[in-house]
Amino acid sequence: MRKEKTAPITLDPFQIWSHRWGRLGTVIALVYMILVPFVVLNYYDCIPSLGQVFNIATIGILAIYIPVGLSEAISYTPLMGASSYLGFITGNIMNLKLPCAVNALKISGKEANTPEGDVVASIGVAASSIMTVAILTLAALLISFISPIFELPAVQTMSSYLLPALFGSMTLGLFASTTAGTKVVKGGIKGVIPVIVIVSLVTLAARLVGLGSVVMGMIGFLILAMLPVAIITSRILWKKGAIQVVDAHAPEETNVQ
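Procedures and definitions
- Residues numbered from 1 in each chain as written.
- Predicted model: local features only at pLDDT ≥ 70, side-chain atom pairs only at ≥ 80, totals over all residues.
- Heavy atoms only, no water.
- Helix = DSSP H or I, 4+ residues; strand = E, 2+ residues; numbered from the N terminus.
- Buried < 20%, exposed > 50% of the residue type's maximum accessible area, 1.4 Å probe, protein only.
- Contact = heavy atoms within 4.5 Å.
- Areas by Shrake-Rupley, 256 points an atom, 1.4 Å probe, with all protein chains shown as cover.
- pLDDT = per-residue confidence, 0-100.
- Core = buried A, V, L, I, M, F, W, Y, C linked by side-chain atoms within 4.5 Å.
- 1 Å grid on protein atoms, 1.4 Å probe; cavity = no way out; pocket = protein on both sides within 12 Å on 5 of 7 lines; lining within 4 Å.
- Points joined across faces, edges and corners; volume = space filled by probe spheres on them.
- Nonpolar A, V, L, I, M, F, W, Y, C, P; charged D, E, K, R; others polar.
- Axes fitted to C-alpha atoms, helices over the stretch in contact; angles between N-to-C directions.
- Parallel < 35°, antiparallel > 145°, perpendicular 65-115°, else oblique.
- Left-handed = near helix turned anticlockwise from the far one by under 90°.

Asker: Sorry, what's going on with the overall build of the protein chain here?
Answerer: The helix and strand tally for the protein chain stands at 12 helices and 3 strands. Each of the 257 residues in the protein chain was classed as buried or not, and the buried ones make up 18%. A sequence separation of at least 24 residues applies to 70% of the contacts in the protein chain between residues at least 6 apart. Of the accessible surface of the protein chain, which amounts to about 18,700 Å², a share of 72% is contributed by carbon and sulfur atoms.

Asker: Please clarify how the side chain of serine 122 should be interpreted in this entry.
Answerer: By the secondary structure assignment, serine 122 is in helix 6 (residues 115–141). Given a relative accessible area of 18%, serine 122 falls into the buried group. Here serine 122 is in contact with Phe14, Ala82 and Ser83, once residues within four sequence places are set aside.

Asker: I keep staring at the confidence of the model for the protein chain and nothing clicks. Help me out?
Answerer: The predicted coordinates should not be examined in detail at positions where pLDDT is low. Of the residues in the protein chain, 78% reach a pLDDT of 70 or more, and the chain-wide mean stands at 77. Predicted confidence is poor over residues 253–257, with pLDDT under 50, and the contacts of this stretch with residues over four places away or in other chains come to 0 contacts.

Asker: Please clarify how the nonpolar core should be interpreted in this entry.
Answerer: Buried together is how nonpolar side chains tend to be arranged in soluble globular proteins. Counting residues in hydrophobic clusters, the biggest one holds 7 residues: Tyr76, Met80, Ile93, Leu98, Ala101, Ala121 and Val125. Counting only elements with at least two residues in this core, the list comes to helix 3 (56–80), helix 5 (93–108) and helix 6. Counting residues per element, this core draws most heavily on helix 5, at 3 residues. Here alanine 101 is in contact with Met80, Ala121 and Val125, once residues within four sequence places are set aside.

Asker: I keep staring at the layout of surface pockets and nothing clicks. Help me out?
Answerer: With a probe scaled to a water molecule rolled over the atoms, the places where space remains empty come into view. Space inside the second largest pocket adds up to approximately 340 Å³. Asn92, Asn95, Leu96, Thr132 and Ile135 are the residues nearest the centre of the second largest pocket, which is lined by 10 residues in total. Elements that contribute at least two residues to the lining of the second largest pocket include exactly helix 5, helix 6 and helix 9 (162–176). A total of 4 residues in the lining of the second largest pocket trace back to one element, the largest contributor, which is helix 6. Counted by class, the lining of the second largest pocket contains 7 nonpolar, 3 polar and no charged residues.

Asker: Teacher, can you tell me more about the environment of valine 27 here?
Answerer: Among the secondary structure elements, valine 27 is positioned in helix 1 (residues 13–43). The partly exposed category is assigned to valine 27, whose relative accessible area is 48%. Taking the C-alpha atoms as reference, valine 27 lies 9.7 Å from isoleucine 89; in sequence the two are 62 residues apart.

Asker: When you look at the packing of helix 5 against helix 6 in this model, what are you seeing that I'm missing?
Answerer: Geometry of a packed helix pair, given as the angle between the helix axes and the separation of the axes. Where helix 5 meets helix 6, the axes come as close as 8 Å, and the angle between the chain directions of the two elements is 135°. One way to sum up the angle between helix 5 and helix 6 is to call them oblique. As helix 5 packs across helix 6, the resulting crossing turns out to be right-handed. Between helix 5 and helix 6, the contacting residues are Leu96, Lys97, Cys100, Ala101, Ala104, Leu105 and Ser108 on the first element and Gly117, Val120, Ala121, Gly124, Val125, Ser128, Ser129 and Thr132 on the second. Each residue belonging to the contact of helix 5 with helix 6 can be placed in one class, and the counts come to 8 nonpolar, 6 polar and 1 charged.

Set out below in structure tokens:
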């Protein structure tokens, strides 16, 4: 039997425009980020040798950030669509750009990776980027006035709880949300339970044997390893009916006695 030929994937004009300028912007940003340090080092005649750059400390840092970067590209892009270019260029994806894109999709009721979804997500990420630049600019101008505030003991104590509170609220928000564009995911939390259990056991075992710092240094590889676990577990549960994906506006089934 002949296999039916699938129709080629066609992109919306906005998506074509976004991908073209997104790739160009990414290349320009990469060149700029790499070129500026070399220009400064060359100006002060202090360019380090390769041995000074790639040492044990550098390899340890790369072992963390390379897997984390790969895992972010794999896991965030399906949600952010064409807005991923601006998100990766400006940074702060997990704690800022991704929540803005997901919230914009949720409010508008659009689905990710559709022409409408890419427009909405891009607006959310762009607004977040502009607001970030505005706040940082204001902080730089007023640094001499606000710096004494950050030296107060109460503010320093509060700062140590800032990131845990931020990521905790984001995690609860992701767990509480069941909408995915035009679809509703029922029981989706079940797919990440094995990941939570595995990570907790690995972390606990590492701390008991005195290898807690080693595990934290390999967190990027752990994230990459858990991605397929979450995907496979969610698919198995979906096949068995434990996780359901239904239309957002489908009528609720009622049992008639």
